[in-house]
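Read off the chains here:
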Amino acid sequence: MGDFLVLGAVVSAAAYIILARSLSAQLDSVQLTSYQVIYGTLFFLPLFLLRPGVPAIGEVGFEIIGALLFLSIFATVAAFLSYNYALSQIPAARAGVFLNAIPVVTALVAWPVLGEVLSPVQWVGGVFVLGGMTLANSRRRREVLPVEG
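None of the values given here were measured: they were computed from a predicted structure. (Residues numbered from 1 in each chain as written. Predicted model: local features only at pLDDT ≥ 70, side-chain atom pairs only at ≥ 80, totals over all residues. Heavy atoms only, no water.)

The next point concerns helix α6 (residues 120-138). Its 19 residues give α6 an end-to-end C-alpha distance of 27 Å, which sits within 8% of 27 Å, the value for a rise of 1.5 Å per residue. Those residues of α6 not exposed but buried are Gly-126, Met-133 and Asn-137. Viewed end-on, α6 has its buried residues packed into an arc of 30°, placing them on one side of the element. Seen from the buried face of α6, the exposed residues on the opposite side, beyond 90 degrees, are Pro-120, Val-121, Val-127, Phe-128 and Leu-135. Those residues of α6 that are buried are in contact with α4 (92-97) and α5 (102-114). (Helix = DSSP H or I, 4+ residues; strand = E, 2+ residues; numbered from the N terminus. Expected span 1.5 Å × (residues − 1). Buried < 20%, exposed > 50% of the residue type's maximum accessible area, 1.4 Å probe, protein only. Arc of directions from axis to C-beta. Contact = heavy atoms within 4.5 Å.)

Right, here's the structure in full:
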């Protein structure tokens, strides 16, 4: 089951990259991100509210509100705004390479914020990921010359 979920995530991500790239020709990155946040909220909020264990309004404290604001601003709006801007500036395949940085950034943020301890293997893995991203985006692509005929 897990493999099918991963496959679904990969197919969804590929579809998102292709659709966002084509929409970035019609909308600027702020408009595109706004639509994503609005429609995502409309889709997921009812599913969240129907989930068992959702705290009542009186149980929501500063910690929950702070976490919600942090996730909304940084993990959603800033991340999608940055990515949608990148899609409007560079080809989707090149922009997609940057998605590999998500686990690295997550680990680096968890280190000071949550006090996570990163192992030497994680540090080396992060360096490999960043090196691979750099290599993938620094190679000059050969232009295809039109065939005269």
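It is at 10 Å that the axes of α5 and α6 come closest, and there the two elements cross at 140°. As the angle between them shows, α5 and α6 are arranged oblique. Handedness of the crossing formed by α5 with α6: left-handed. Residues Val-104, Leu-108 and Trp-111 of α5 form the contact with α6, whose participating residues are Trp-123, Gly-126, Val-129 and Leu-130. (Axes fitted to C-alpha atoms, helices over the stretch in contact; angles between N-to-C directions. Parallel < 35°, antiparallel > 145°, perpendicular 65-115°, else oblique. Left-handed = near helix turned anticlockwise from the far one by under 90°.)

Take a nonpolar patch on the surface next. On the surface, a nonpolar cluster with roughly 1,100 Å² of combined accessible area is contributed by Val-60, Ile-64, Ile-65, Leu-69, Phe-70, Leu-71, Ile-73, Phe-74, Val-105, Val-109, Val-113 and Leu-114. Among the elements of the structure, α3 (62-89) and α5 are those that each provide at least two residues to the nonpolar patch. Mapped onto the secondary structure, Ile-73 falls in helix α3. Owing to a relative accessible area of 45%, Ile-73 belongs among the partly exposed residues under this scheme. (Patch = residues over 30% accessible without salt bridge, like charges linked within 9 Å, V, L, I, M, F, W, Y side chains within 5 Å. Areas by Shrake-Rupley, 256 points an atom, 1.4 Å probe, with all protein chains shown as cover. Salt bridge = Lys/Arg side-chain N within 4 Å of Asp/Glu carboxyl O.)

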